[in-house]
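# Per-entry structural report
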Amino acid sequence: MISDNPTLKTYDGLNRAYAFFNDRLFAGELPACLVTLQRAKKAYGYFAGGRFGSKDGKTVTDEIALNPSHFRDRTTEQSLSTLVHEMVHLWQHHFGKPSRAGYHNKEWAEKMHAVGLHPSDTGQPGGKETGQQMTHYIAPGGPFQTAFADLDAEGFDALYVELWGDADARKKRKAKSASKTRYTCPSCGLHAWAKPGARLMCGECEILMEAPESEGEDQEEAA
């Protein structure tokens, strides 16, 4: 039985991390935003300026999304560096001059350096620092790494990791599907399902039921 509240722990923790890095790396000048968990394909996270608001239109807020599918394979430090990466986009959205949608320009790269994240299109030293598709690596001993160490020392532990993902679910469904073959009576068209290679008789027509050739070939390939 889970003794704490996973939703409260996760979102309070992310809100705490946002406020902590805002204070330490951005002099507290960033406005509050909506931090969400989204399974963005092939992305660790993203920023969307002015994406959400109240129904009456009086309040508008930005979104920073983190992809929980990567929490298990990355360290907490790496996952929270993505949060700060997107906070740099938020900073530029409000105080700088962003380029076209999705492009990481020189101003953004300079701010990344200032907070202790080294922009790189490869995620490794030597990569391009500006461009459409960009990631980063953590500068050793830089402001972010120092700040994270202090946050970690306070006992930050808010990121739940996935015990299974969409790929695992698809594999399970495929395995379950492959374990059964549909047989059809060639006379009356009655269908029945059984293990591959089974010999089923149609009780009404008293003849062997047949499996489609394509299904039989699939079973052989799977084996």
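Look above for the structure.
Structure report, in brief.

Conventions we followed
- Residues numbered from 1 in each chain as written.
- Predicted model: local features only at pLDDT ≥ 70, side-chain atom pairs only at ≥ 80, totals over all residues.
- Heavy atoms only, no water.
- Patch = residues over 30% accessible without salt bridge, like charges linked within 9 Å, V, L, I, M, F, W, Y side chains within 5 Å.
- Areas by Shrake-Rupley, 256 points an atom, 1.4 Å probe, with all protein chains shown as cover.
- Salt bridge = Lys/Arg side-chain N within 4 Å of Asp/Glu carboxyl O.
- Helix = DSSP H or I, 4+ residues; strand = E, 2+ residues; numbered from the N terminus.
- Contact = heavy atoms within 4.5 Å.
- Pairing = 2+ DSSP bridges.
- Axes fitted to C-alpha atoms, helices over the stretch in contact; angles between N-to-C directions.
- Buried < 20%, exposed > 50% of the residue type's maximum accessible area, 1.4 Å probe, protein only.

### Thoughts on a nonpolar patch on the surface
A contiguous nonpolar patch, built from Val161, Leu163 and Trp164 and spanning about 360 Å² of accessible area, is present on the exposed surface. Within the fold, Trp164 resides in the loop between helix 4 (143-153) and helix 5 (166-178).

### Notes on the side chain of Gln92
Tracing the backbone through its elements, the reader meets Gln92 in helix 2 (residues 76-95). The residues contacting Gln92, other than those within four sequence positions of it, are Lys97, Pro98, Asn105, Glu107 and Trp108.

### Thoughts on the sheet that holds strand 1 (residues 34-37)
Within a sheet, neighbouring strands are paired by backbone hydrogen bonds and run either parallel or antiparallel to one another. Sheet architecture is open: three strands sit in the order 1-3-2, paired in mixed fashion. Bordering the open sheet on either side are strand 1 and strand 2 (45-53), each of which pairs with just one other strand. Shown here is a sheet whose adjacent strand axes are inclined to one another by a mean of 30°, direction ignored. With four bridges connecting them, strand 1 and strand 3 (residues 60-66) associate as parallel partners. Paired with Leu37 across the strands is Leu66, a residue of strand 3. Here helix 1 (residues 6-25) sits on the sheet and contacts strand 1 and strand 3; the angle it forms with strand 1, its principal contact strand, is near 130°. Along the sheet, helix 2 contacts strand 2 and strand 3; its crossing angle with strand 3, the most-contacted strand, is approximately 150°.

### Examining the pattern of salt bridges
Applying the stated criterion across every chain yields a total of six salt bridges. In this structure, the salt-bridge partner of Arg24 is Asp150, at a minimum N-O distance of 2.9 Å. Of this pair, Arg24 sits in helix 1 while Asp150 sits in helix 4, and the two are 126 residues apart along the sequence. Residue class for Arg24 comes out partly exposed when judged on its relative accessible area of 37%. Residue class for Asp150 comes out partly exposed when judged on its relative accessible area of 34%.

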